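# Residue-level structure breakdown
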Amino acid sequence: MAKRIMAGHPAPAPRGKSTSGTAPTITDGPSAADLLENRLEQLKSLLWCCYSEGIDWSHGDGPKHLENVIWLAADMVDQAAELHQRCLGERAGQA
């Protein structure tokens, strides 16, 4: 499944298969700290959008926060689609 990339924001790192039989590891891409910083920026923008008064979506911090919330929503859609595919695979395995 293709990952969406919002302007100026990296896509989540691809995961590779581990040769040791343990959990998959990140093979390249952003570090865990970068991913955490990205998520915190998204959540900060979501709260800003929900609780700020007199939001000007065209000027100041408005466009940045709106982009971050759209980026967060796109990430959530990708994660939900991945979970849906996993559910389908699990159901097919039970049949």
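Numbering of residues starts from 1 in each chain and follows the order in which that chain's sequence is written. Reporting of local features is limited, given that this is a predicted model, to residues whose pLDDT is at least 70; pairs of side-chain atoms are given and counted only at 80 or more, and all residues count toward the totals for whole chains, interfaces and linings. Note: side-chain values were computed over all heavy atoms of the structure, leaving out hydrogens and water.

## Digging into the packing of aromatic side chains
When two rings of Phe, Tyr or Trp (its six-membered ring) have centres within 6.5 Å they constitute a pair, described as stacked for plane angles under 30 degrees, edge-to-face for angles over 60, and tilted for the intermediate range. Here the structure, examined in full by the defined rule, presents 1 aromatic pair. Measuring from ring centre to ring centre gives 6.1 Å for tryptophan 48 and tryptophan 57, while their planes differ by 85°; the resulting arrangement is edge-to-face. Classification of tryptophan 57 by relative accessible area gives partly exposed; the value is 37%. Each residue is assigned to one of three classes by its accessible area relative to the maximum for its type, calculated with a 1.4 Å probe on protein chains only: buried under 20%, partly exposed between the two thresholds, exposed over 50%.

## Thoughts on the packing of helix α1 (residues 32–51) against helix α2 (residues 62–94)
Fitted lines through C-alpha atoms serve as axes, helices being fitted only where they are in contact, and the angles separating the N-to-C directions of these axes extend from 0 to 180 degrees. Helix and strand definitions follow DSSP, with helices as H or I runs of at least four residues and strands as E runs of at least two, each counted in order from the N terminus. Where α1 meets α2, the axes come as close as 8 Å, and the angle between the chain directions of the two elements is 115°. Note on packing geometry: the crossing formed by α1 with α2 is left-handed. On α2, the residues that touch Asn38, Arg39, Glu41, Gln42, Leu43, Lys44, Ser45, Leu46, Trp48 and Cys49 of α1 are Gly62, Lys64, His65, Asn68, Val69, Trp71, Leu72, Asp75 and Gln79. Just so you know the grouping, Ala, Val, Leu, Ile, Met, Phe, Trp, Tyr, Cys and Pro go in nonpolar, Asp, Glu, Lys and Arg go in charged, and all remaining residues, Gly too, go in polar. Class assignment for the residues of the contact of α1 with α2 results in 7 nonpolar, 7 polar and 5 charged. When the near helix sits turned anticlockwise from the far one by under a right angle, the crossing is termed left-handed; a clockwise turn instead gives a right-handed crossing. Residue contacts are defined here by distance: any two heavy atoms, one from each residue, within 4.5 Å place the two residues in contact.

## Here's the deal with the pattern of salt bridges
Just to be clear on terms, a salt bridge is a Lys or Arg side-chain nitrogen sitting within 4 Å of an Asp or Glu carboxyl oxygen. Counted by the stated rule, this structure contains 3 salt bridges. Measuring nitrogen to oxygen at the nearest pair gives 3.4 Å for the salt bridge that ties arginine 39 to aspartate 75. Of the two residues, arginine 39 sits in helix α1 while aspartate 75 sits in helix α2, which places them 36 residues apart along the sequence. Between arginine 86 and glutamate 90 there is a salt bridge, and its shortest N-O distance comes to 3.7 Å. With a gap of 4 residues between them, arginine 86 and glutamate 90 both fall in helix α2, about one helical turn apart. The class for arginine 86 is exposed, based on a relative accessible area of 54%. The partly exposed category is assigned to glutamate 90, whose relative accessible area is 45%.

## Description of the confidence of the model for the chain
pLDDT is defined as a per-residue confidence score from the predictor, taking values between 0 and 100. In the predicted model, the chain carries a mean pLDDT of 78, and 72% of its residues have values of at least 70. Looking at the elements of the chain, mean pLDDT is at its lowest for strand β1 (residues 15–16), recorded as 38, and at its highest for α2, recorded as 92. Note that pLDDT drops below 50 for residues 1–5; the model gives that stretch 13 contacts with residues more than four away or on any other chain. pLDDT under 50 marks residues 12–20. Its contacts with residues more than four places away, or in other chains, come to 17 contacts.

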